[in-house]
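Breakdown of the fold
Chain residues, written in single-letter form:
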Amino acid sequence: MKKWFYIVFFFWAIPSGFAQLKIHTFEEAEQLAVKNPKPFVIFTHTSWCKICKMMENSTFKNPEIIKVLNTDFYFISLDAESKEDIFFNNHRFKFKPQGRNTGIHELATALATIDSEVIYPTLTILEADFSILFQRHSLLNAKDLLVILEKIK
């Protein structure tokens, strides 16, 4: 009997303390927005970007950020070097090779370019109609991002 109590307690108590950020694909978020319009928060990053990793391991692990993003937004994580086609806003975006084993995704170029240079990390917030509400090309800590999200929602 004691054993069952601990098993039930473990599955009931532990997961509630570890909320996870819901990460959507572009296609999935677009479909969900038809029935429930919410802004899209798009985090454009690469696997080699140290600042991107800092945001992934701090900003996007913050419980308040997770709660707001899961409730009031569709969060999309875009690896700028992803080779998969993405269909979004009635357009197919593709990976564009730029040399041997390198390249950049067209959608990353569209969302993270400033003065003809792609900057990582970039956080872009789109309205449900795909217009840009906010864009930042740098590290955002949880406190600053929370202020921005609260103003937008």
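Please refer to the structure higher up on the page.
Moving on to the packing of aromatic side chains. This structure, assessed with the given rule, holds 8 aromatic pairs. Where Phe40 meets Phe88, the ring centres are 5.8 Å apart and the plane angle is 90 degrees; that geometry is what we call edge-to-face. In this pair, Phe40 sits in strand E2 (residues 40-45) while Phe88 sits in strand E4 (residues 86-88), placing the two residues 48 residues apart along the sequence. Note on accessibility: Phe40 and Phe88 belong to one class, buried. Measuring from ring centre to ring centre gives 5.8 Å for Phe40 and Phe130, while their planes differ by 15 degrees; the resulting arrangement is stacked. Taken together, the positions of Phe40 in strand E2 and Phe130 in the loop between strand E10 (122-126) and strand E11 (132-136) put the pair 90 residues apart, joining distant regions of the chain. We classify Phe130 as partly exposed; its relative accessible area is 23%.

Residues Phe26, Phe40, Phe60, Leu69 and Leu149 are the most contacted members of the largest nonpolar core, which totals 40 residues. Tallying contributions element by element places helix H6 (residues 142-152) first for this core, with 5 residues. When sequence neighbours within four positions are dropped, the list of residues in contact with Leu69 reads Leu21, Val41, Phe60, Phe75 and Leu149.

Any empty space left between the atoms is revealed when a probe the size of a water molecule rolls over them. Estimated volume of the second largest pocket: approximately 200 Å³. Around the second largest pocket, the lining comprises 13 residues; the ones closest to its centre are Thr25, Phe26, Ser77, Ser82 and Ile86. Of the residues forming the lining of the second largest pocket, the biggest block, 4 residues, is contributed by strand E3 (residues 74-79). Among the residues making up the lining of the second largest pocket, the classes are represented as 5 nonpolar, 4 polar and 4 charged.

So, about a nonpolar patch on the surface. Where nonpolar side chains cluster on the molecular surface, the patch consists of Ile51, Met54 and Leu139 and spans about 250 Å² of accessible area. For Ile51, the location among the structural elements is in helix H3 (residues 50-57). Judged by relative accessible area, which is 39%, Ile51 ranks as partly exposed.

About the thresholds
Within any chain, residue numbers begin from 1 and follow the written order of that chain's sequence. For a predicted model such as this one, the threshold for reporting local features is a pLDDT of at least 70, and the threshold for listing and counting side-chain atom pairs is 80 or more; totals across whole chains, interfaces and linings nevertheless cover every residue. Side-chain descriptors were evaluated using all non-hydrogen atoms of the structure, hydrogens and water having been removed beforehand. The pairing test for Phe, Tyr and Trp rings, Trp by its six-membered ring, is centres within 6.5 Å, and the orientation test on the planes gives stacked under 30 degrees, edge-to-face over 60, and tilted for anything in between. Put simply, DSSP H or I for four residues or longer makes a helix, DSSP E for two residues or longer makes a strand, and each gets a number counted from the N terminus. Only protein chains enter the accessibility calculation, which uses a 1.4 Å probe; a residue whose area is less than 20% of its type maximum is buried, one above 50% is exposed, and one in between is partly exposed. What we call a nonpolar core is a set of buried Ala, Val, Leu, Ile, Met, Phe, Trp, Tyr and Cys residues that are connected through their side-chain atoms within 4.5 Å. Here a residue-residue contact requires only that any non-hydrogen atoms of the pair lie within 4.5 Å. Here a cavity denotes a set of grid points, spaced 1 Å apart and computed over the protein atoms alone, in which a 1.4 Å probe fits but from which it cannot get out, and a pocket denotes an open set meeting protein on both sides within 12 Å along at least five of seven lines; residues with an atom within 4 Å of a point are reported as lining. Grid points are joined across faces, edges and corners, and a volume is the space filled by probe spheres set on the points. Polar here means any residue other than Ala, Val, Leu, Ile, Met, Phe, Trp, Tyr, Cys and Pro, which are nonpolar, and Asp, Glu, Lys and Arg, which are charged; Gly is therefore polar. A patch consists of residues exposed above 30% relative accessible area that lack any salt bridge, with like charges linked at up to 9 Å and nonpolar side chains (Val, Leu, Ile, Met, Phe, Trp, Tyr) linked at up to 5 Å. Throughout, the Shrake-Rupley method with a 1.4 Å probe supplies accessible areas, and for residues the shown protein chains are the sole cover considered. Salt-bridge detection follows one rule: a side-chain nitrogen of Lys or Arg within 4 Å of a carboxyl oxygen of Asp or Glu.

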